[in-house]
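Residue-level listing of the chains:
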Amino acid sequence: MHSHSGQFCPGHAKDQLEEMIQAAIVRGMQTFALTEHMPRNSNDDLYPEEVTLSPFSTSITKISKIEAGDTIEPLFARHEAFLIEAVRLRQKYSDEVNILIGFEGDWIRPSYANLILGLASDPTVDFFIGSVHHVHQIPIDYDATFYKAARDAAGGTDELLFEDYFDSQYEMLKALKPKVVGHFDLIRLLSDEPDRDLREMKGVWEKAVRNLKLVVKQGGLMEINSAGLRKGLKEPYPGRALCGEFLKMGGKLTLSDDSHGTAQVGTNYLRAIEYLETLGVKELFTLDTNRHIAAQRNLSIRSVSLSSVKESFRA
Ligand SMILES: [Zn+2]
Ligand SMILES: [Zn+2]
């Protein structure tokens, strides 16, 4: 339910979009979602590697504001090109895999609601993932320097930063009602104790549980995102305590690799499936469409047994 290609995410992904789809077919996937990062609408929100988009910028240091003359225009043009190519590939491979076309929504500040909902209103777009990668408008999963800056902005401790992260996520959920929620506890990644049980931090836990309840109420799918394992965490996103709580509430899980290249398509899926088995999960959910009808693609939620996912997956 979540992938990036080097073709449309050149800063930190690899390979062509078509190669991503071919890799998904080889690994036995029946549904594969194309969800490039959305274009951001402020120069302040560019990542360091994106500064090279502009011929005007020179020596940019991390956490500096982008120099005047940098532009976000290439991001919007790239998004348009992505949608056109995605439609072509969906058609080309329609007999082999159900391609969903989406994007990863990036909640940087409340004004992004209009931008995300505007992009989502494109009839080509089946859905978007609701993700939070920033707290106090500073990236929290990019590198240790940014993470520390965000933590300082939150008051200097992981606990305070986690609270602010889940508050920001709550605003995102309320404003966007995403059909898929991205890496729910991403904030763990660069913290001092990434595998820590969030129940140890009462304020954090209460906010996270509040958010889980809202996801269930909104009928959103929570992705089990195996990229957490690829990045060295002991459990995928979200961690065991959160997953257990979500399942108790009747929440629906989907499966994502958050791949950034063909080598990561399905990476750690068997480990993620084993993790779900230990949580007693018997079924996953996927978004489905009346796939052969190009116009009016009605989206629905379909149940898939975990055992059938495991059997059809080719590592
Ligand atoms: Zn993400
Ligand atoms: Zn992603």
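Quick caveat, the model's predicted, so the values are computed rather than measured. (Residues numbered from 1 in each chain as written. Chains lettered and ligands numbered in written order. Predicted model: local features only at pLDDT ≥ 70, side-chain atom pairs only at ≥ 80, totals over all residues.)

> How would you explain unusual backbone geometry if you had to name every residue and give the values?
Look at the link from tyrosine 237 to proline 238: it is a cis peptide, with omega at -15 degrees. Here proline 238 shows up in the loop between helix H7 (227-230) and helix H8 (240-248). Located in the positive-phi region is histidine 136, a residue other than glycine, with phi close to 50 degrees. Position of histidine 136 relative to the elements: it lies in the loop between strand S4 (134-135) and strand S5 (138-139). A residue is classified by how many C-beta atoms lie within 10 Å of it, and histidine 136, with 16 of them, is partly exposed. Although it is not a glycine, aspartate 258 sits at a positive phi angle of roughly 50 degrees. Within the secondary structure layout, aspartate 258 lies in the loop between strand S8 (252-256) and helix H9 (269-278). (Helix = DSSP H or I, 4+ residues; strand = E, 2+ residues; numbered from the N terminus. Buried ≥ 20, exposed ≤ 12 C-beta atoms within 10 Å, placed from the backbone.)

> Outline the pairing of strand S7 (residues 221-225), listing residues and values.
Of all 5 residues that make up S7, 5 are buried, and the element is covered over most of its length. The alternating pattern of S7 places Leu221, Glu223 and Asn225 on one face and Met222 and Ile224 on the opposite face, and all of these are buried. Pairing of strand S6 (residues 180-181) with S7, which is carried by 2 bridges, proceeds in the parallel orientation. Considered in S7, the bridge of valine 180 is made with leucine 221. By the bridge criterion, 5 bridges tie S7 to S8 in an arrangement that is parallel. (Pairing = 2+ DSSP bridges.)

> Tell me about the environment of alanine 81, and please be specific about residues and values.
Note on placement: alanine 81 falls in helix H2 (residues 73-92). On the basis of neighbour counts, which here come to 13 C-beta atoms within 10 Å, the residue alanine 81 falls in the partly exposed class.

> Give a description of H2 that names residues and reports values.
The terminal C-alpha atoms of H2 lie 29 Å apart, and with 20 residues this matches the ideal 28 Å at 1.5 Å per residue to within 8%. What H2 keeps buried is the set Phe82, Ala86, Leu89 and Arg90. Seen from one end, H2 has its buried residues packed into an arc of 95 degrees, which puts them on one side. Turned more than 90 degrees from where H2 packs its buried face, Glu73, Ala77, Glu80, Ile84, Arg88, Gln91 and Lys92 sit exposed. For H2, the secondary structure elements touched by its buried residues are helix H1 (17-26), strand S1 (31-37) and strand S2 (98-106). (Expected span 1.5 Å × (residues − 1). Arc of directions from axis to C-beta. Contact = placed C-beta atoms within 7 Å.)

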